[in-house]
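Okay, here's what each chain looks like letter by letter:
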2 protein chains.
Amino acid sequence: MKRDLDRLMAERDLNGFLVLGEGHGAAMKYLTNGAFFEGALLLKPRGEEVTLVHGGMERDTATATGLRAINREEHFNRYQLLKEFGGDRLAASAAYIARAMEMIGLRGRVGVYGLQDAGAVLALMAKVEEQIEDIEIVGEYGETLFSQAFITKDDVELEILKRAGQLTCAVVGDVQAFIQGHKVGRDEVVLKANGSALTIGDVKAYMRGRLHASGLQEDHGTIFSQGRDAGVPHNLGEPSMPLQLGQSIIFDIYPTTEEGYFHDMTRTWSLGYATDEVQEAYDQTKEIFDRVMAEMQVGRPTRDYQLMTCAYYEACGHKTARNHPGTDEGYVHSLGHGIGLNVHEEPNFSHAEGNDTILQPGHVVTIEPGLYYPSRGFGVRVEDAIAFNEEGELIWLTDYPYDLVIPMRG
Amino acid sequence: MKRDLDRLMAERDLNGFLVLGEGHGAAMKYLTNGAFFEGALLLKPRGEEVTLVHGGMERDTATATGLRAINREEHFNRYQLLKEFGGDRLAASAAYIARAMEMIGLRGRVGVYGLQDAGAVLALMAKVEEQIEDIEIVGEYGETLFSQAFITKDDVELEILKRAGQLTCAVVGDVQAFIQGHKVGRDEVVLKANGSALTIGDVKAYMRGRLHASGLQEDHGTIFSQGRDAGVPHNLGEPSMPLQLGQSIIFDIYPTTEEGYFHDMTRTWSLGYATDEVQEAYDQTKEIFDRVMAEMQVGRPTRDYQLMTCAYYEACGHKTARNHPGTDEGYVHSLGHGIGLNVHEEPNFSHAEGNDTILQPGHVVTIEPGLYYPSRGFGVRVEDAIAFNEEGELIWLTDYPYDLVIPMRG
């Protein structure tokens, strides 16, 4: 949570942090409530407030964040800096950062975060260290200040995540009704009014319209994949493919709100009827989904749930990522992941050694068991997002029926 | 251009490059034709082909790029690496990168690029250098391998950029017709059929639907700002504000194609009529726009055009970023910028010392003079995108009328 940042800095022996901002980085969104700046800095000495340094043309966006804001052009004008450094852009840009740090009183061990071009980070940070004394730039990997703060959501964030779930489920319902509004023609192909086949591209176009109308954004795409493609977990689906009865369809939708928070849910559908092998794989998946959900509670290691899922699937005769690392068939991934400003963040449900994650109040995660058999032409997955509020109570963020077979007319 | 990458590496004494891929980085899009990978590496020793290392679940996306592809899970399985390094995620992730570099034969001076968390870059690259001998990681800033390759577009890219322009102009036309389809009520407010005011939010919602239907994406937002807000160059416009006659409206739209290429154009509109001061500022802006465009040709320094624009506006009595650095009023920015996979890239039109950019075949730029007077309640800007093809011929990418006054009925 945001209020943990000072504590997390103290634990890391950091005197402050610097967030570089090129594009839509999660740390930048977190502290600015989702504002978009083409280039900005966020600086915070431990125990003090966050300061935003923004471009002169973005001053209205800066004001809207509610943060203490400094106009870059007024204090660190780029033309004057370039002149001062004889046209050396690297030195001038580093001086802008270094002087902003000095102005805000950032010194000592400073953690650096934010999405930025990798080469620029290496060049700029080396130059900043040259330009100021008493600065040690710290780069964190893995369990960083922000990834740790992100893991637990406060009640303000939880309200946004609840809304994301409600809006997303409404879109899924609209998509289901849209498909069911079509007739089925010869060869079990779903048809449009003009007699041509309804394709995955048509369904996605309709879905995008509904997302847009709901104020949601499709940030990383949406999976709507049928048959063999459903057997490849991240296959987005082939737009030209006609919808067909009796094929497994994986519909995995992960849009974001205006503030940048994701929802993430998956349903497997089979139009009209399901084949026996799809029905069996689905029933097993829903069974382990229900068993896991029944045991979800704070205080339990996430690894337990993944091991439980692997054991169940293995007992059913499937390969898993545990007993066949790198397998393309069977249960090929881990059970779920945290969601928030990232579609995949901590906590993780890996069965790897060293994963000692314990479920806590404020955790928001997805649970998504699934089975994949591309060579047999199908895949199935069920995914809901759930949260533990600050009191540790389980809150279901996804509320949508689990029916595999979607009845069609004609 | 892509075919310049080997030459640009030689100029930098680089033996190869590594692109880290978290999210939508331009270098990743450039080499994968806009594919999205949640995490991937691109590696290229100088003189050899590009290799993509991708997650196991993204193998269909990888195949579609046409690049030589290596499945991360098959060769560098993350669970096995974590085990090998006793749960140390940084060491395991660095080993994945280091081993991929060794497998592909990347050694010596290796340039690193791609959008990635700043702290992760610092930590990972330090660790990679520890883990392999004979590697020097090079971080570039400013005129990098990719920013230099991006500056000139080949004919394949130019075709995408032309299509981006055509589609964007069609959307602008639809938006104009949409606004003109409304009536004007009392107090010169534009009205919807139900009698309530047509707002900026309504116009943007309509526009987003048109963008979507055209296959374009709104990547960084769209500016549709009226009155005082039009006087702040990057103010996106207040959604709740009703459209009103006689106010300057800046409509600056910069969507991307599926491949990730931007178009960028601006029109200033005044509904029904224009006030004298807006008309005068607009006429001056259109005048210098026309003068600049008449002189656009390869071989000329971009700085000349910015100086020409500053001189013209100053002669008209306006402040400019040249004679009043940091000014919020008058002509506050530079004349234009390159566009491609970034909405702002090289070449630049800065008047700063050290800008020795010369217009070349393959350059694709916007030209966007404007005047800003937030305290007087208006701003004006005109922006078109143009290209020089590989033969150096000027190609206009934006084709849309320049009328300031948009006639309204009733």
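Since we're looking at a predicted model, the values are computed, not measured. (Residues numbered from 1 in each chain as written. Chains lettered and ligands numbered in written order. Predicted model: local features only at pLDDT ≥ 70, side-chain atom pairs only at ≥ 80, totals over all residues.)

Some words on the overall build of chain A
Which entries qualify depends on this criterion: The helix count covers DSSP runs of H or I at least four residues long, the strand count covers runs of E at least two residues long, and both are numbered beginning at the N terminus. To assign burial, the other C-beta atoms lying within 10 Å of each residue's own C-beta are counted, with C-beta atoms placed from the backbone; 20 or more indicates buried, 12 or fewer indicates exposed, and intermediate counts indicate partly exposed. C-beta atoms are placed from the backbone for every residue, and two residues are taken to be in contact when these atoms lie within 7 Å.
Summing up its helical and strand segments, chain A has twelve helices and 20 strands in all. Viewed in the frame of its principal axes, chain A has a C-alpha envelope of about 75 × 50 × 35 Å. Residues classed as buried in chain A amount to 51% of the 410 residues present. Put simply, of all contacts in chain A between residues at least 6 apart along the chain, 67% involve residues at least 24 apart.

Notes on the pairing of strand S1 (residues 16-21) of chain A
All names here are of chain A. Heads up, the rule is: Should DSSP find at least two bridges between two strands, the strands are taken to pair.
With six of six residues buried, S1 lies mostly within the body of the structure. Burial along S1 is two-sided: the residues Gly 16, Leu 18 and Leu 20 and Phe 17, Val 19 and Gly 21 are all buried. Relative to strand S5 (residues 108-113), S1 is paired through four bridges, and the arrangement is parallel. Each bridged residue has a counterpart across the sheet, and for Gly 16 the counterpart in S5 is Val 110.

Some thoughts on the environment of Val 156 of chain B
Position of Val 156 of chain B among the secondary structure elements: in helix H9 (residues 155-180). Sequence spacing of Val 156 of chain B and Gly 209 of chain B is 53 residues, and the spatial spacing of their C-alpha atoms is 28 Å.

What to know about the relation of the copies chain A and chain B
Threshold: Here the copies are matched by least squares. The fit uses the C-alpha atoms of residues with pLDDT of at least 70 in both.
Each copy superposes on the other: chain A lies on chain B with an RMSD of 0.0 Å after a rotation of 180 degrees and an axial shift of 0.0 Å. The operation mapping one copy onto its partner corresponds to a two-fold rotation axis.

Brief notes about the confidence of the model for chain A
Heads up, the rule is: What pLDDT conveys is the predictor's confidence in a given residue, as a value from 0 to 100.
Chain-level statistics for chain A give a pLDDT mean of 94 and a share of 99% at 70 or above. Scored by ipTM, the complex comes to 0.80, with pTM at 0.81.

Quick notes on unusual backbone geometry
A cis amide bond links Glu 346 of chain A with the next residue in sequence, Pro 347 of chain A, at an omega value of 0 degrees. By secondary structure assignment, the location of Pro 347 of chain A is in strand S14 (residues 345-348). With a phi angle near 60 degrees, Asp 13 of chain B is a residue other than glycine that sits in the positive phi range. Mapped onto the secondary structure, Asp 13 of chain B falls in the loop between helix H1 (5-11) and strand S1 (16-21).

Some points on the sheet that holds strand S15 (residues 364-367) of chain A
All names here are of chain A. For clarity, the threshold we go by: Each axis is a line fitted through C-alpha atoms, taken for helices only over the stretch in contact, and angles between the N-to-C directions span 0 to 180 degrees.
Read across the sheet, five strands follow the order S14-S13-S15-S18-S19 without closing on themselves; strand pairing throughout is antiparallel. Among the strands making up the open sheet, the edge pair consists of S14 and strand S19 (394-396). Geometrically, the sheet is characterised by an average inter-axis angle of 30 degrees between neighbouring strands, direction not taken into account. In this sheet, S19 lies alongside strand S18 (residues 384-388) in antiparallel orientation, the contact comprising three bridges. Note on S19: the bridge partner recorded for Phe 388 is Leu 394.

Some thoughts on the nonpolar core
Using the following cut-off: Note on definitions: a nonpolar core is a set of buried residues drawn from Ala, Val, Leu, Ile, Met, Phe, Trp, Tyr and Cys, linked by C-beta atoms within 7 Å.
In terms of nonpolar packing, the biggest core is built from 228 residues, with Leu 18 and Val 19 of chain A together with Leu 18 and Val 19 of chain B touching the most fellow members. Residue contacts for Leu 18 of chain B: discarding those within four places in its chain leaves Leu 41, Leu 43, Met 101, Leu 106, Val 110 and Val 112 of chain B.

A closer look at the sheet that holds S1 of chain B
Strand order in the open sheet formed by six strands is S4-S3-S2-S1-S5-S7 (chain B), with mixed pairing between adjacent strands. Each end of this open sheet is capped by a strand with a single partner; those strands are strand S4 (68-71) and strand S7 (135-139) of chain B. Here the strands of the sheet are splayed against their neighbours by 25 degrees on average, with no regard to which way each runs. Pairing geometry for strand S5 (residues 108-113) of chain B and S7 of chain B, over five bridges, is parallel. Considered in S7 of chain B, the bridge of Val 112 of chain B is made with Gly 139 of chain B. The strands touched by helix H7 (residues 118-131) of chain A within the sheet are S1, S5 and S7 of chain B, with S7 of chain B carrying the most contacts at an inclination of about 90 degrees. Helix H6 (residues 89-104) of chain B contacts S1, strand S2 (40-45) and strand S3 (51-54) of chain B of the sheet and is inclined by roughly 35 degrees relative to S2 of chain B.

Side note on the domain arrangement of chain A
Residues and elements named next belong to chain A. Selection criterion: Domain boundaries shown here were taken from an automatic or database domain assignment. Three residue categories are used. Nonpolar comprises Ala, Val, Leu, Ile, Met, Phe, Trp, Tyr, Cys and Pro, charged comprises Asp, Glu, Lys and Arg, and polar comprises the others, including Gly.
Domain boundaries assigned for chain A yield domain 1 (2-149) and domain 2 (152-406). Computed from C-alpha atoms alone, the centre-to-centre distance between domain 1 and domain 2 is 37 Å. Every contact between the two is made by seven residues of domain 1 and, on the other side, eight residues of domain 2. Top contributing element to the side of domain 1 that touches domain 2 by residue count: helix H2 (residues 26-32), with three residues. Grouping the constituent residues of the side of domain 1 that touches domain 2 by class yields two nonpolar, three polar and two charged.

Side note on helix H7 (residues 118-131) of chain B
As a reminder of what qualifies: Expected span of a helix: the number of residues minus one, times 1.5 Å.
Its 14 residues give H7 of chain B an end-to-end C-alpha distance of 20 Å, which sits within 8% of 20 Å, the value for a rise of 1.5 Å per residue. For H7 of chain B, the full list of buried residues reads Ala 118, Gly 119, Ala 120, Val 121, Leu 122, Ala 123, Leu 124, Met 125 and Val 128 of chain B.

Describing the interface of chain A and chain B
By a widespread convention, an interface's size corresponds to the accessible area lost as its parts come together. In this complex, chain A contributes 57 residues to the contact, which on the side of chain B involves 57 residues. Split by residue class, the side of chain A that touches chain B holds 22 nonpolar, 23 polar and twelve charged. Of the strand pairs in this sheet, strand S6 (residues 115-117) of chain A and strand S6 (residues 115-117) of chain B are connected by three bridges, and their pairing is antiparallel. From the neighbouring strand, Asp 117 of chain A faces S6 of chain B, where its bridge partner is Leu 115 of chain B.

So, the pairing of S14 of chain A
In summary, the side chains of a regular strand alternate between the two faces of the sheet. Residue and element names in this part refer to chain A. Direction of pairing for strand S13 (residues 336-338) relative to S14: antiparallel, over a ladder of two bridges. The residue bridging Gly 338 from the neighbouring strand is Glu 345, located in S14. With antiparallel pairing between neighbouring strands as the criterion, S13 and S14 make up a hairpin whose turn holds six residues.

A word on helix H6 (residues 89-104) of chain A
Side chains three or four residues apart in an α-helix point the same way, a direct result of the helix having 3.6 residues per turn. Residue and element names in this part refer to chain A. For H6, which comprises 16 residues, the first-to-last C-alpha distance of 23 Å matches the rise-based estimate of 22 Å (1.5 Å per residue) to within 8%. Of all the residues in H6, the buried ones are Ala 92, Ser 93, Ala 94, Ala 95, Tyr 96, Ile 97, Ala 98, Met 101 and Ile 104. Taken from the residues just after H6, Gly 105 is the one with a positive phi, measuring 85 degrees.

As for the environment of Gln 217 of chain A
Residues and elements named next belong to chain A. Mapped onto the fold, Gln 217 is located in the loop between helix H10 (200-213) and strand S10 (223-226). C-alpha of Gln 217 to C-alpha of Pro 361: the two residues are 144 residues apart in sequence and 28 Å apart in space. Among all residues touching Gln 217, those that are not within four sequence positions of it are Pro 255 and Thr 256.

Points about the environment of Arg 12 of chain A
All names here are of chain A. By the element assignment, Arg 12 lies in the loop between helix H1 (5-11) and S1. What makes Arg 12 partly exposed here is the crowd of 18 C-beta atoms within 10 Å. Spatially, the C-alpha atoms of Arg 12 and Glu 140 are 9.7 Å apart, while their sequence positions differ by 128 residues. In contact with Arg 12, other than residues within four places in its own chain, are Gly 111 and Leu 145.

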